[in-house]
Amino acid sequence: MSSWKIGGVTVTKITELEAVGDTELMLPQATPQEVRRAAWLSPRFATEDGLLRTSIHAFAVVTPARRIIVDTGLGNAKQGRPVPAWNGLDTPFLHDLAEAGFPPATVDTVLCTHLHIDHAGWDTTWTDGAWVPTFPNARHLFAQPEFAHAEAAQGHGTAELFADSVRPLMDAGLVDLVATDEQIAPEVRLVPTAGHTPGHVSVLIESRGERALITGDFIHHPVQLAFPEWTSAGDHDPARAVETRLRMLDELARTGTLMIGTHFPGPTAGYVDRDGEAFRLVT
Ligand SMILES: [Zn+2]
């Protein structure tokens, strides 16, 4: 289990699934031959053969006043997902979350960077024949434009996600729609990073002069520091996604902000350094 201190705030990673390779959908341009050109990725972020290591995890963010979970992965027992391996999962994620100090009832806020199937799945749990909120005492925050887009969306499993993981929260009165730059707590604020989805947000943490950013999917893998123009097959607006990624990487490099990657494996966090025309992750 990895965790980081940003001033008075603690961020802890709780892993749901890790994988090697099989990244044709996530990053179609990331052929082994191309990946091997960025030698610094091996062995922690890619194998020596050029296969990418990936991760699906949640972050628990503890501030002096709030206990926040950022993104909730795939969830157990979900069906109708377009990735076969993501249906009918039975992982110990909730057990691991509790072991890490976060029994679901103690969480007061659930933040979602965007409404894709690997980011809101644990918002509900199949209990007594129904999907019920996993975090019954938490406000569930969605950026308003993201929510509106997902509510109308078809395909990529978003309609299924909305039905089994979001609608039950609405029925229970647990949803708050917020601005894409909403201040969540004195130390935590959303940052708009549209492109991958129309209302995508990242999560900026600032405390005692220290800064960290939880990326969400404006970047999927450290290989995109070396190749920022590589897009995901899941990008809603690929050109805008590239523009956002370049803007954010430049800002992270200039401000010395710790980047905590939502799908980054291994050390998961690092600092962004310029590397010629591109960047590299320093851990
Ligand atoms: Zn994702």
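Further up the page is the structure itself.
Chains are numbered independently. Their residues run from 1 in the order of the written sequence. Whole-chain, interface and lining totals are the exception, using all residues; otherwise, since this is a predicted model, local features are given only for residues with pLDDT of at least 70 and side-chain atom pairs are given and counted only at 80 or more. Excluding hydrogens and water, the side-chain values take into account all heavy atoms of the structure.

(A) Region of interest: the overall build of the protein. Only DSSP runs of H or I covering at least 4 residues are called helices, and only runs of E covering at least 2 are called strands; the numbering of each starts at the N terminus. The secondary structure content of the protein amounts to six helices and 16 strands. With C-alpha atoms as the basis for the radius of gyration, the globule rule is written as 2.2 Å multiplied by the number of residues raised to the power 0.38. The C-alpha atoms of the protein give a radius of gyration of 18 Å, which matches the 19 Å a tight globule of 283 residues would have. With the C-alpha coordinates of the protein rotated into their principal frame, the extents come out at 55 × 45 × 35 Å. Residues classed as buried in the protein amount to 54% of the 283 residues present. Here a residue-residue contact requires only that any non-hydrogen atoms of the pair lie within 4.5 Å. Expressed as a percentage of contacts within the protein between residues at least 6 apart in sequence, the contacts between residues at least 24 apart total 68%. We get accessible surface area from the Shrake-Rupley algorithm with a probe of 1.4 Å; when it comes to residues, only the shown protein chains can shield them. If you sum the accessible surface of the protein, you get close to 11500 Å²; carbon and sulfur atoms cover 51% of it. In the protein, 21 positive and 36 negative side-chain charges are present, and the distance between their average locations comes to 6 Å. Partly exposed describes any residue whose relative accessible area lies between the buried limit of under 20% and the exposed limit of over 50%, with all areas from a 1.4 Å probe on protein chains only and scaled to the type maximum. The charge count includes Lys and Arg as positive and Asp and Glu as negative, but it does not include His or the ends of the chains. Throughout, a charge is located at the NZ atom of Lys, the CZ atom of Arg, the CG atom of Asp or the CD atom of Glu.

(B) Quick look at unusual backbone geometry. The amide bond that connects Ser42 to the next residue, Pro43, takes the cis arrangement and shows omega of 5°. Along the chain, Pro43 falls in the loop between α1 (32-35) and β3 (53-62). Even without being a glycine, Asp71 presents a positive backbone phi close to 65°. You can see Asp71 is positioned in the loop between β4 (67-70) and α2 (93-99). The buried category is assigned to Asp71, whose relative accessible area is 1%. Even without being glycine, Ala77 reaches a positive phi, approximately 70°. Along the polypeptide, Ala77 turns up in the loop between β4 and α2.

(C) Spotlight on the coordination of the zinc ion. Any N, O or S atom lying within 2.8 Å of the metal counts as a donor, and for Na, K and Ca the limit rises to 3.2 Å; water is left out, so some sites can look incomplete. At 2.1 to 2.2 Å from the zinc ion lie its protein donor atoms, namely Asp118 (OD), His119 (NE2), Asp217 (OD) and His263 (NE2). For four-coordinate sites, all angles between 85 and 135 degrees define a tetrahedron; for four- and six-coordinate sites, opposite donors beyond 155 degrees with the remaining angles between 65 and 115 define square planar and octahedral shapes respectively, and all other cases count as irregular. In this structure, the zinc ion is surrounded by four donor atoms whose angles at the metal cover 87 to 163°, and the resulting shape is irregular.

(D) Representation of the packing of helix α3 (residues 144-152) against helix α4 (residues 158-171). Packing of α3 against α4 brings their axes to within 9 Å, and their N-to-C directions diverge by 125°. By the angle between their axes, α3 is oblique relative to α4. The handedness of the crossing between α3 and α4 comes out as left-handed. Here Phe147, Ala150 and Glu151 of α3 come into contact with α4, specifically with Thr158, Phe162, Val166, Arg167 and Met170. Only Asp, Glu, Lys and Arg are considered charged, only Ala, Val, Leu, Ile, Met, Phe, Trp, Tyr, Cys and Pro nonpolar, and every remaining residue, Gly among them, polar. Of the residues that constitute the contact of α3 with α4, the class distribution is five nonpolar, one polar and two charged. The axes used here are C-alpha line fits, helices contributing only the stretch in contact, and every angle between their N-to-C directions lies in the interval 0 to 180 degrees. Here the word oblique covers every angle except those under 35 degrees (roughly parallel), over 145 (roughly antiparallel) and from 65 to 115 (roughly perpendicular). Put simply, a crossing is left-handed when the front helix is turned counterclockwise from the back one by less than a right angle, and right-handed when it is turned clockwise.

(E) Up close: the pairing of strand β12 (residues 201-207). In terms of burial, β12 is a largely internal element, six of the seven residues being buried. Only strands that DSSP links by at least two bridges are regarded as paired with each other. As paired elements, β12 and strand β13 (residues 210-214) share five bridges and run antiparallel to each other. In the strand pairing of β13, Val203 is matched with Ile214.

(F) Layout of the side chain of Thr268. Mapped onto the secondary structure, Thr268 falls in the loop between β14 (258-260) and β15 (269-275). Residue class for Thr268 comes out buried when judged on its relative accessible area of 0%. Engagement of the side chain of Thr268 in a polar contact is seen with the backbone oxygen of Phe264, the distance being 3.0 Å. Residues adjacent in sequence count toward polar contacts only when both atoms are side-chain atoms; beyond that, a polar contact is any pair of N or O atoms within 3.5 Å, and within protein one must be able to donate a hydrogen and the other to accept it.

(G) Just the sheet that holds strand β16 (residues 278-282), in detail. Spatial strand order, β10-β11-β12-β13-β14-β15-β16: seven strands in an open sheet with mixed pairing. Of all the strands in the sheet, the pair left with one neighbour each is β10 (183-185) and β16. Averaged over neighbouring strand pairs, the angle between their axes works out to 35° when direction is ignored.

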